[in-house]
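# Observations on the three-dimensional arrangement
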Amino acid sequence: MEKLIITVAPTGSVPGKRDTPHVPLTPDEVVADCQECVAAGASICHLHARDESGAASTRYDLFEAMVAGLTAHTPAIVQISTGGRAGSGLEERAERLGLRPEMASLTTGSVNFPEGVYLNPRDLVEALAERMLQLGIKPEMEIFDASMVQGAIDLVARGLAVPPLHCNFVLGLRGALPASAKNLLHLVELLPAGSTWTVSGIGRAQLPMAAQAILMGGHVRVGLEDNLYYAKGVLARNVELVRRVVRLAGELGRPVATPEEAREILGLPARAG
Ligand code: ZN
């Protein structure tokens, strides 16, 4: 079986210091947190920016500081979110792609989020995909529902994405597809041959979905963006969530990929220098 790629999503758009003191918000905090996680076995860092008030932000300088810090201090693959919670227009979501991270997230359809509709109309999805293609950024397709897999396949058919696809199945978010082994298996079966996938279980689904993915040959995303708790009533630190996946993978006989091995699995060019 392929080595296991662990992605850490340390921040997201939602949790604040009131929810957990462990969520990194400033670029310095995010970089320091990711350094720990990468040393523990994460090979992709999935980034959102927050402004000085802690609110989700589209500001270029914040993303720039995180990308520069991570590139200087870790060998990790940097993956920028193009999610719309911080600002929903095309330019607001696309400007940060100018930093040319190795990867960026791309949600291929609309879905109900707990706080409202997460709108990803087709013209916006295609414009983001085209921008990534032009800049040589590999998209991670964010899949909240089965129809979004088809959305990703359609991008390839239209020449707006290059196969093989890499999909992240986000399961267990209220309003979207529930986290179950059956749903995960169904999504995996929809993928074209040669695709790679990872899973983000939301909340208490994070651990069981991670275990499923390790066994099924998929990859795993953990972090406070998706789940604040290590166990019932016990707040997690990102590095603890990464370490737990590393231990589980070890017990189950699945070696963990280094960032360089993750690049090879995902078809990304080796990092220069
Ligand atoms: Zn995200």
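Calculation notes
- Residues numbered from 1 in each chain as written.
- Predicted model: local features only at pLDDT ≥ 70, side-chain atom pairs only at ≥ 80, totals over all residues.
- Heavy atoms only, no water.
- Helix = DSSP H or I, 4+ residues; strand = E, 2+ residues; numbered from the N terminus.
- Buried < 20%, exposed > 50% of the residue type's maximum accessible area, 1.4 Å probe, protein only.
- Core = buried A, V, L, I, M, F, W, Y, C linked by side-chain atoms within 4.5 Å.
- Contact = heavy atoms within 4.5 Å.
- Donors = N, O, S within 2.8 Å, 3.2 Å for Na, K, Ca; no water.
- Tetrahedral: all angles 85-135°; square planar, octahedral: opposite > 155°, others 65-115°.
- Pairing = 2+ DSSP bridges.
- Axes fitted to C-alpha atoms, helices over the stretch in contact; angles between N-to-C directions.

What follows concerns unusual backbone geometry. The peptide bond linking Pro163 to Pro164 adopts the cis configuration, its omega dihedral lying at 0°. Secondary-structure assignment places Pro164 in the loop between helix 5 (146-157) and strand 10 (166-171). For Arg100, which is not glycine, the phi torsion reads 50° and is therefore positive. With respect to the element layout, Arg100 can be found in the loop between helix 3 (90-94) and strand 6 (103-107). Take Arg100: its relative accessible area is 52%, and that puts it in the exposed class.

This brings us to the nonpolar core. Formed by 75 residues in total, the largest nonpolar core has its most connected members in Met141, Phe144 and Phe169. Not counting residues up to four positions away in its chain, the partners in contact with Met141 are Leu106, Thr108, Ala152, Leu155, Ala161, Leu165, His166, Cys167 and Asn168. Residues Ile5, Ile44, Met103 and Leu266 belong to the second largest nonpolar core, which totals eight residues.

Turning to the coordination of the zinc ion, a few remarks are in order. At 2.0 to 2.8 Å from the zinc ion lie its protein donor atoms, namely His46 (NE2), His48 (NE2), Glu225 (OE) and Glu225 (OE). Every donor counted, the four donor atoms about the zinc ion form angles of 51 to 128° at the centre, which fits irregular coordination. For the zinc ion, the single-chain donor residues occur in sequence as H-x1-H-x176-E. Of the two residues, His46 is situated in strand 2 (residues 44-47) and Glu225 in the loop between strand 12 (219-222) and strand 13 (229-231); the sequence distance between them amounts to 179 residues. His46 sits in the buried class, given a relative accessible area of 2%.

Taken together, eight strands build a closed barrel; the order of strands is 1-2-5-6-9-10-11-12 and the barrel is parallel. The sheet shows a mean angle of 25° between the axes of neighbouring strands, direction not considered. Of the pairings in the sheet, the one linking strand 1 (residues 6-8) to strand 12 comprises three bridges and is parallel in character. What sits directly across from Ile6, in strand 12, is Val220.

Our focus in this paragraph is the pairing of strand 6. The element strand 6 is extensively covered by neighbouring structure, given that five of its five residues are classed as buried. Going residue by residue along strand 6, you find Met103, Ser105 and Thr107 tucked away on one face and Ala104 and Leu106 tucked away on the opposite face as well. Bridge analysis of strand 5 (residues 77-80) against strand 6 gives two bridges, and the strand direction is parallel. Within strand 6, the position partnered with Ile80 by the bridge is Ala104. Here strand 6 runs beside strand 9 (residues 138-143); their pairing, made up of five bridges, is parallel. Pairing of Ala104 across the sheet is with Pro139, part of strand 9.

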